[in-house]
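# Summary of the model geometry
Residues per chain are reported as follows:
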Amino acid sequence: MPILNVKVSGKKSLEMNQKINELLLDLTYRILGKKKEVTVITIDYVDHDSWFIGGHLLSEQGKNSFYFDIKITDETNTKDEKAKYIKEAFEGFERILGNLHEESYIYVQDVKAASYGYGGKTQEYRYHQ
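Read on for a plain summary of the structure. The structure presented is a predicted model; accordingly, all values stated were derived computationally and were not measured.

## Some remarks on the sheet that holds strand E2 (residues 40–46)
Adjacent strands of a sheet form backbone hydrogen bonds with each other and so pair up, either parallel or antiparallel. Spatially, 4 strands are ordered E2-E1-E5-E6 in an open sheet, and the strand pairing comes out mixed. Both edges of this open sheet fall to E2 and strand E6 (105–111), since each of them pairs with a single strand only. On average, adjacent strands in this sheet sit at an angle of 15 degrees to one another, irrespective of strand direction. With 7 bridges connecting them, strand E1 (residues 3–9) and E2 associate as parallel partners. Across the sheet, Val-8 pairs through a bridge with Tyr-45, a residue of E2. On the sheet, helix H1 (residues 14–30) packs against E1, E2 and strand E5 (66–73) and is oriented at approximately 140 degrees with respect to E2. Relative to the sheet, helix H3 (residues 79–97) contacts E1, E5 and E6, its axis offset from that of E5 by approximately 150 degrees.

Rules used in this analysis
Residues numbered from 1 in each chain as written. Predicted model: local features only at pLDDT ≥ 70, side-chain atom pairs only at ≥ 80, totals over all residues. Heavy atoms only, no water. Pairing = 2+ DSSP bridges. Helix = DSSP H or I, 4+ residues; strand = E, 2+ residues; numbered from the N terminus. Axes fitted to C-alpha atoms, helices over the stretch in contact; angles between N-to-C directions. Contact = heavy atoms within 4.5 Å.

As far as function goes, none of this settles anything; it's purely spatial.
See below:
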């Protein structure tokens, strides 16, 4: 039941949304072993004139960037799996956005099973059922 909150530099487009969704859905399923049917992805766009890295606008640097966080249940993935996920996600965004700024971030959040859930039930509850 991962939740991904994505921010991308640039203008919103359905084509871009679909590419990002396909990339993250695939990686989240293939590397982290999460079920596609309960994976939630939201995507927001930030204009290059509103995104600063190192005190300089992306528009000044002629670069693209992204940030996303993903919330997963604690102790369900290894360090190696998370490292591979971060590497392949960065490479995927490089292909999609091009000219990617190195300071584009991915944050994998391990959330305690008793503090995280959907449908009114925690992951801890689901584990014990």
